[in-house]
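The primary structure of each chain is shown beneath.
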Amino acid sequence: MARGKLRIYLGAAPGVGKTYAMLSEAHRRVERGTDVVVGYVEHHRRPRTEVMLAGLEEIRRKEIDYRGTVFTEMDVDAVLERAPEVVLVDELAHTNVPGSRNAKRWQDVEELLKAGIHVVSNVNIQHLESLGDVVESITGVTQRETVPDEVVRRADQIELVDMSPQALRRRMAHGNIYAPDRVDAALSNYFRPGNLTALRELALLWTADRVDEYLQQYRADHRISAAWQARERIVVGLTGGPEGRTLLRRAARMAAKGSGSEILAVHIVRSDGLVSGSAKELAVQRALVEDLGGSFHHVIGDDVPDALLDFARGVDATQIVLGTSRRKAWQYVFGPGVGSTVARDSGDIDVHIVTHEHAAKGRGLPSARGAKLGRSRVVAGWLTGVAGPVLLAVLLTRWHPGMSQATEMLVFLTMTVAAALIGGLLPALAAALVGSLLLNYYFTPPTHSFTIAQPENIIAIAIFIVVGAAVASVVDLAARRTQQAARLRAEAEILSYLAGSVLRGESSLEALLERVRETFGMDAVVLLERDDEHAAWHCAASVGSTPCVRPEDADVEVPVNDRLTLALTGRVLPASDRRVLSAFAAQAAVVLDRKRLTDEAARARELAEGNRIRTALLAAVSHDLRTPLAGIKASVSSLRSADVAWSPQDEAELLAGIEDGADRLDHLVGNLLDMSRLQTGTVSPLIRELDLDEVVPMALGGVPEQSVALDIPETLPMVAVDPGLLERSVANVVENAVKYSPQNEKVLVAASALGHRVELRVVDRGPGVPESARDHIFEPFQRYGDAPRGNGVGLGLAVARGFVEAMGGTLVAEDTPGGGLTMVLTLPAAHGVPGAPGVPDRPATAVS
């Protein structure tokens, strides 16, 4: 039985229209005469989706009793018995109720496909198994229902159901997705614009990747090797020479002219594993291409043009960028060169030959020289090559005088191979020469004479010399290649460590210098920096005993730039070690710069924090202190007036106004004094673990009782905040919201948990604020439209943001769906804060 085909509608989030699209497809197929049934479709009480079920045959669901509650699931047996051509199955990632035929719905679908039934289903991007951690980091929600990526990738058709975040939020606000009582919570949490945009990007990228797989499969099935220019793919051929950076930048400019272009840098490596290019330069070029948004590839191949073209065709490249050859004119006698060969054989792939300043100046790349054998091995090899044949001749003439000449030659050939293994080529050649003379004198008739009577003996001795030399050469080359490979492997491991430290963002300069000292066996390593003013050297970092203070005192000096140099003491290193040492020196300079930039960024953050606090102080002094002072002055002036005879009741009211104003001034001045101490760093907010419902109700004392609706779930995690600062911040934000809300509309104060943070949202239905003016309202002295409404009763939004940021939180403004403004106050959840179990307390003074 032929396997059924699977069609999947993929969406970025609930409500984009996957089920509606699936039902529309079902109606189109029914009109064409196809036998279509509904295996399982959940309309979630959405009127438009529910209407689309009319006219479609539905298979009765299977009822399952689980823990006293009856659930319904798709009846797989009933669908198999009905055996339609096409069945609709909603929510592919759904987990079935325990007791069902299969644990997951995608397993039900797999059974239907095996039975030859075509299936139309849908799934959201967040339910793909490989994206679970990514979606959780974006939305703060753990996906409990997932489907393996391979199940979706095996689908015969995947259609993306797309909708902009703004349109989806409008659908939500109009009640077309969730029930009205769930709309505000959904818009405030999962369906925020940032979340929807990120999920949409994931869906688009995943679908584009799947489309590319379809295209590559189609080209392979139809044996299409010609480039299809669906999008520009630019392959840059790198030799490891200095011109590579020019080629990469040229390719980046070409890619920038068209959207969706892709850069792929490739370096061809010989099959013996020895790289002809500069490892340091290749590392720099790899970093450059990654910074430009491209990718770096190593390809093995002895024929560079063929390997390059095979790679380009394999990735469906449309253009190849190569540099003008660095070979000199006379070197073209040996062949046309890589660029000419690639341009000749490229077919429909465009080849760009880019000129550069290193053209025709020789390759100038370091060659892999033979590794030197140790002195002891060379001496032992010469002893074996010269004394070994003599000793062997003495032994053979005394103890085995009747041995055949062929056997004697093999014995001497063995001594030649031994000399090659121990001492290399020259001792082996000496062994072959001495052995041939001894064979001629002692074992070739007439003996004890260098005369050879029979011509075949001349041929035999000549063959012995040639074979001995050839074997010695091969053995010597293999030994040297082994040492070269071991050295290159060690260099590769060191460079890999350096590259890994860059990717991991390691910033310990001392650890890097210690690695240099251990790698090269030095006594001390120091990074010296020149003083611009006095041209004197001073130590930036050092490890080991007695580091030098000047480059002239070092055994090995590796300049990094005009101001930095890496100095090592302990022994003199060979020139072959300087290449890897230069990579260490460059990395040390990068780590030093990163450390200083980090310190400067920290100081900049401190200055910015100080500026924010100063701004809050100015706002409080100029805006919030005037009102109570004006009230106190007016009341005192009235009481002191001799023109008016105040009744006892009037006097009491004026005195009460004075007392109330004084209390407000006392409270505000206390906060201002504490903030000034925060600015000078003499006191920190006292961060404690507490529940929001302990602080938020107290912050609502300054607003009318019926003007605020409070929604703080009891299941919320505790927050790590200063209670006084939080109360003042919430009070300011709520008072501002009440001030601008219509009289019959309550301000909603709702809290929710998102990952490792807690959000407090203050939602009003007032006129709202345009996006361009949202940052402006947090500045001192500012009200939207510069039109004051009533008296200021708090420290203002500027002070509220300053307090919140001092506690490690954020305060931003968003649109309220349907009109209005939402203030989002984000606070850190109480996890690992001082005062928690297992975490030491820090001394602090409360700010309240």
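For clarity, every value in this text was computed on a predicted model and none was experimentally measured.

### A short note on the overall build of the chain
Broken down by element type, the chain carries 24 helices and 24 strands. Expressed as a percentage of its 848 residues, the buried residues of the chain come to 43%. As displayed, the chain offers around 43,900 Å² of accessible surface, 55% of which is attributable to carbon and sulfur atoms.

### Comments concerning the pattern of salt bridges
A full pass over the atoms with the stated rule returns 21 salt bridges. Of the charged contacts in the structure, one is a salt bridge between Glu42 and Arg61, with a shortest N-O distance of 3.8 Å. Placement of the pair is Glu42 in the loop between β2 (36-40) and α2 (47-52) and Arg61 in the loop between β3 (57-58) and β4 (62-66), with a sequence separation of 19 residues. The class of Arg61 is partly exposed, set by a relative accessible area of 26%.

### A word on the nonpolar core
Inside soluble globular proteins, nonpolar side chains tend to come together where they are buried. Of all hydrophobic cores here, the largest spans 61 residues; its most connected members are Leu88, Leu92, Leu112, Ile125, Val147 and Phe191. Take this core: its biggest share by element is five residues, from helix α9 (residues 193-221). In contact with Ile125, not counting residues within four places along its chain, are Leu10, Gly11, Ala12, Leu131, Leu199, Leu202, Ala203 and Trp206. Counting residues in each nonpolar core, the second largest holds 43 residues, with Ala699, Leu700, Val721 and Val747 among its members.

### Some points on the pairing of strand β9 (residues 233-238)
In terms of burial, β9 is a largely internal element, six of the six residues being buried. What you see with β9 is no split at all: Arg233, Val235 and Gly237 on one side and Ile234, Val236 and Leu238 on the other are buried throughout. As paired strands, β9 and strand β10 (residues 262-269) are joined by six bridges and run parallel to one another. By the bridge assignment for β10, Arg233 is matched with Glu262. Pairing between β9 and strand β12 (residues 319-323): three bridges, direction parallel. The residue bridging Val236 from the neighbouring strand is Val321, located in β12.

### A short note on unusual backbone geometry
Even without being glycine, Arg67 reaches a positive phi, approximately 55 degrees. For Ala83, which is not glycine, the phi dihedral falls at a positive 50 degrees.

### Section: a negative patch on the surface
A cluster of acidic residues, Glu659, Asp660, Asp663 and Asp666, forms a negative patch on the protein surface. Here Asp660 lies in helix α21 (residues 648-680).

### Focus on the side chain of Arg29
Mapped onto the fold, Arg29 is located in helix α1 (residues 18-31). Taking the relative accessible area as the measure of exposure, Arg29 reaches 14% and is therefore buried. Separated by 2.8 Å, the side chains of Arg29 and Glu25 make a polar contact. Other than its neighbours up to four places away in sequence, Arg29 contacts Arg7, Thr34, Val36, Val86 and Val120.

### Description of helix α16 (residues 425-443)
Taking 1.5 Å of rise per residue, the 19 residues of α16 would be expected to cover 27 Å, and the 26 Å separating its terminal C-alpha atoms lies within 8% of that figure. For α16, the complete set of buried residues consists of Pro427, Ala428, Ala430, Ala431, Ala432, Gly435, Ser436, Leu438, Leu439, Asn440 and Phe443.

### A short note on the sheet that holds strand β15 (residues 537-544)
Read across the sheet, four strands follow the order β15-β14-β17-β16 without closing on themselves; strand pairing throughout is antiparallel. Strand pairing shows two members of the sheet lacking a second neighbour, β15 and β16 (556-559), which therefore form its edges. Taken over all neighbouring pairs, the strand axes of this sheet differ in orientation by 20 degrees on average, direction set aside. Judged from the four bridges that link them, β16 and strand β17 (residues 564-569) form a sheet pairing that is antiparallel. Bridged to Glu557 within β17 is Ala567.

### Concerning the packing of helix α22 (residues 692-699) against helix α23 (residues 723-740)
In the contact formed by α22 and α23, the axes pass within 8 Å of each other and the chain directions differ by 45 degrees. With respect to α23, the axis of α22 lies oblique. The two elements α22 and α23 meet at a crossing, and its hand is right-handed. Residues Leu692, Val695, Val696, Met698 and Ala699 of α22 form the contact with α23, whose participating residues are Pro723, Leu726, Glu727, Val730 and Ala731. Considering only residue class, the contact of α22 with α23 consists of nine nonpolar, no polar and one charged.

### A few points about the sheet that holds strand β24 (residues 821-828)
An order of β19-β21-β22-β24-β23 is seen for the five strands of this open sheet, with the pairing classed as mixed. Both outer strands of the open sheet, β19 (708-711) and β23 (810-815), are each paired with one neighbouring strand and no more. Within the sheet, the average angular offset between the axes of one strand and its neighbour, ignoring direction, is 20 degrees. Here strand β21 (residues 747-754) pairs with strand β22 (residues 757-763) via seven bridges, running antiparallel. Bridged to Leu748 within β22 is Val763. In the packing of α22 onto the sheet, the strands contacted are β19, β21, β22 and β24, and the crossing angle to β22 comes to about 25 degrees.

Calculation notes
- Residues numbered from 1 in each chain as written.
- Predicted model: local features only at pLDDT ≥ 70, side-chain atom pairs only at ≥ 80, totals over all residues.
- Heavy atoms only, no water.
- Helix = DSSP H or I, 4+ residues; strand = E, 2+ residues; numbered from the N terminus.
- Buried < 20%, exposed > 50% of the residue type's maximum accessible area, 1.4 Å probe, protein only.
- Areas by Shrake-Rupley, 256 points an atom, 1.4 Å probe, with all protein chains shown as cover.
- Salt bridge = Lys/Arg side-chain N within 4 Å of Asp/Glu carboxyl O.
- Core = buried A, V, L, I, M, F, W, Y, C linked by side-chain atoms within 4.5 Å.
- Contact = heavy atoms within 4.5 Å.
- Pairing = 2+ DSSP bridges.
- Patch = residues over 30% accessible without salt bridge, like charges linked within 9 Å, V, L, I, M, F, W, Y side chains within 5 Å.
- Lys, Arg positive; Asp, Glu negative; His and termini not counted.
- Charge placed at Lys NZ, Arg CZ, Asp CG, Glu CD.
- Polar contact = N/O pair within 3.5 Å; in protein donor to acceptor, adjacent residues only side chain to side chain.
- Expected span 1.5 Å × (residues − 1).
- Axes fitted to C-alpha atoms, helices over the stretch in contact; angles between N-to-C directions.
- Parallel < 35°, antiparallel > 145°, perpendicular 65-115°, else oblique.
- Left-handed = near helix turned anticlockwise from the far one by under 90°.
- Nonpolar A, V, L, I, M, F, W, Y, C, P; charged D, E, K, R; others polar.

Everything listed here is a matter of coordinates, which is why it stays silent on function.
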